[in-house]
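A look at the structure
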Amino acid sequence: MNKNKTFKILLVVISILVVYKIVDYYVTDKVDAYLKTQPLSYDAVSVNLLLGNITLKNVTSVKDSLQFTTEKLEIEDVSYYQYLKNKSVSVGNLKILNSKITGKLISKETKKEDNTSQSSKAPLDLKIDNIQFENIEIDIIKNDNFPLTVQNISFEMNGFELDDTQNKTIPFLYDHIEVSISNFETQFSKVQKVKFSKLNFEKDNLTLDSLEILPLKSREEYIYHVSQEKELMTLFSEKVVISDIIIEEKEKLHVSVNHVLFDEVFLIYI
C-alpha cells in the first residue's frame, strides 16, 4: 500500500515537472519569437516561468545613428496575477548591466500627434518596483558635431508607474530616483569644453565635483574659429551644490532651484 502510494506521488511529481518544462519551453519560444519582431538582437534568452524572470544576454539595439549594447538585461518578478486580472504589466525589478551607447545623436522635428488617433490607443498600464542601470558608458557625437563622453552612469528609480493618459512632458510617476555620473566631458563650441569628475543626484539635491570650463585654443588662435571676437572663460569649481530642485508640470516642464553653492571657484577671462 505504501509503495503504491509512493509511486502515485512520484508519478504526480514527474507529471507536474514534465508539464512545467513543456509550458516553460513554450513560453520561452513565444518570448523569443516576440523579441525577434523588435528592433534588437541578442545572443540568448532565458525564461524562468515559476519566478517570472526573463534574462537577455549581449543585447544590441540600433535607433537611427545611435547604438545601444548591454551585457545583460534582467526582468524579474513579472506578476501573472496582475496581467490576468487587470491586463496590467507589473514587474518587480528591471536591471541593465554593463552597457555602452555609441554613434551620433540626430535631432528630429517632433510631429504633433492627432488627438483622435491618440485617444483611440489603449493606455499601457505598466508598473516597475525598481529600475537599475549599472555601469553605462557613453561615447557619442552630438547633433552639433561635438563629442560627448561619460565613463560611467549608474541610475536607480523606485516606484515607476507609466502615466501616458495625459499629454505630459514626463509621462511617468516615481517615488525615488538616484543618479551617479563619473567623468563627463563635452564640447559646446570649437574653442571651449566642459567637464566634471562626478555628479550625484538624490532627493532633489545635485552635487558636481571638479567642474571645469576650459578653452581649447589660445587667445591668438581662437579668433580664427569664431564668427565674432569674445572673451574666453576658464572656470574651475571644486564642488557645486544645487539644493531643493523642484520639477513641475505646467504648460511646459518647469525646473526651479532654491540654493546654488560654488565652492573654491577659480574664474578667469582671457
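An account of the accompanying structure is given in this report. Since we're looking at a predicted model, the values are computed, not measured.

1. Here's the deal with the overall build of the protein chain
When you go through the protein chain residue by residue, the secondary structure sums to four helices and 15 strands. Sequence-distant contacts, at least 24 apart, represent 49% of the contacts inside the protein chain between residues at least 6 apart. Surface accessibility of the protein chain: about 18700 Å² in total, with carbon and sulfur atoms responsible for 56%.

2. Topic: the pattern of salt bridges
Overall, the coordinates contain six salt bridges when judged by the stated rule. Between lysine 142 and aspartate 144 there is a salt bridge whose closest N-O contact spans 3.5 Å. In this structure lysine 142 comes out as buried when scored by relative accessible area, which is 15%. The partner of glutamate 212 in a salt bridge is lysine 195, and the shortest N-O contact between them spans 4.0 Å. Here lysine 195 lies in strand E10 (residues 192-202) and glutamate 212 lies in strand E11 (residues 205-215), a separation of 17 residues in the sequence. Relative accessible area serves as the criterion here: at 24%, lysine 195 is assigned to the partly exposed category.

3. Description of a nonpolar patch on the surface
On the surface, a cluster of nonpolar side chains totalling about 340 Å² of accessible area is made up of Tyr174, Ile247, Leu253 and Val255. The class of isoleucine 247 is partly exposed, set by a relative accessible area of 45%.

4. A few points about the packing of aromatic side chains
For any two aromatic rings, the description comes down to two numbers: the centre-to-centre distance and the angle of the planes. Taken as a whole, this structure holds four aromatic pairs when the rule is applied. When the ring of phenylalanine 172 is compared with that of tyrosine 174, the centres are 6.2 Å apart and the planes differ by 45 degrees; the resulting orientation is tilted. Under the relative-accessibility criterion, phenylalanine 172 is labelled partly exposed at 26%. In this structure tyrosine 174 comes out as partly exposed when scored by relative accessible area, which is 35%.

5. Focus: the layout of surface pockets
Roughly 1300 Å³ of internal volume is contained in the largest pocket. Top element by residues in the lining of the largest pocket is helix H1 (residues 2-35). It accounts for five residues. Taken together, the residues of the lining of the largest pocket sort by class into 23 nonpolar, five polar and one charged.

6. Here we look at the environment of phenylalanine 188
Structurally, phenylalanine 188 is set in the loop between strand E9 (176-187) and E10. Looking at phenylalanine 188, the relative accessible area reads 41%, which means it is partly exposed. Through-space distance from the C-alpha of phenylalanine 188 to that of asparagine 145 is 9.4 Å; in sequence the pair is 43 residues apart. In this view, phenylalanine 188 contacts Lys142, Phe146, Lys193, Val194 and Ile213; residues no more than four positions away in its chain are not counted.

7. Focus: unusual backbone geometry
Not every positive phi belongs to a glycine, and asparagine 58 is a case in point at roughly 55 degrees. If you check the backbone angles, aspartate 204 has positive phi at about 65 degrees while not being a glycine. Along the chain, aspartate 204 falls in the loop between E10 and E11. Overall, aspartate 204 belongs to the partly exposed group, its relative accessible area being 43%.

8. Focus on the environment of phenylalanine 133
Looking at where phenylalanine 133 falls in the secondary structure, it is placed in strand E6 (residues 126-141). Residues phenylalanine 133 and isoleucine 96, spaced 37 residues apart in sequence, show a C-alpha to C-alpha distance of 4.8 Å. Not counting the four nearest positions on each side in its chain, phenylalanine 133 is found in contact with Ile96, Ile153, Ser154 and Phe155.

9. A few points about the environment of leucine 253
Its location among the elements puts leucine 253 in strand E14 (residues 253-256). Residue classification places leucine 253 among the partly exposed positions, given a relative accessible area of 38%. Through-space distance from the C-alpha of leucine 253 to that of lysine 168 is 8.5 Å; in sequence the pair is 85 residues apart. Setting aside anything within four residues of it in sequence, one finds leucine 253 in contact with Thr169, Ile170, Ile247 and Glu248.

Cut-offs applied
- Residues numbered from 1 in each chain as written.
- Predicted model: local features only at pLDDT ≥ 70, side-chain atom pairs only at ≥ 80, totals over all residues.
- Heavy atoms only, no water.
- Helix = DSSP H or I, 4+ residues; strand = E, 2+ residues; numbered from the N terminus.
- Contact = heavy atoms within 4.5 Å.
- Areas by Shrake-Rupley, 256 points an atom, 1.4 Å probe, with all protein chains shown as cover.
- Salt bridge = Lys/Arg side-chain N within 4 Å of Asp/Glu carboxyl O.
- Buried < 20%, exposed > 50% of the residue type's maximum accessible area, 1.4 Å probe, protein only.
- Patch = residues over 30% accessible without salt bridge, like charges linked within 9 Å, V, L, I, M, F, W, Y side chains within 5 Å.
- Phe/Tyr/Trp six-rings, centres within 6.5 Å; stacked < 30°, edge-to-face > 60°.
- 1 Å grid on protein atoms, 1.4 Å probe; cavity = no way out; pocket = protein on both sides within 12 Å on 5 of 7 lines; lining within 4 Å.
- Points joined across faces, edges and corners; volume = space filled by probe spheres on them.
- Nonpolar A, V, L, I, M, F, W, Y, C, P; charged D, E, K, R; others polar.

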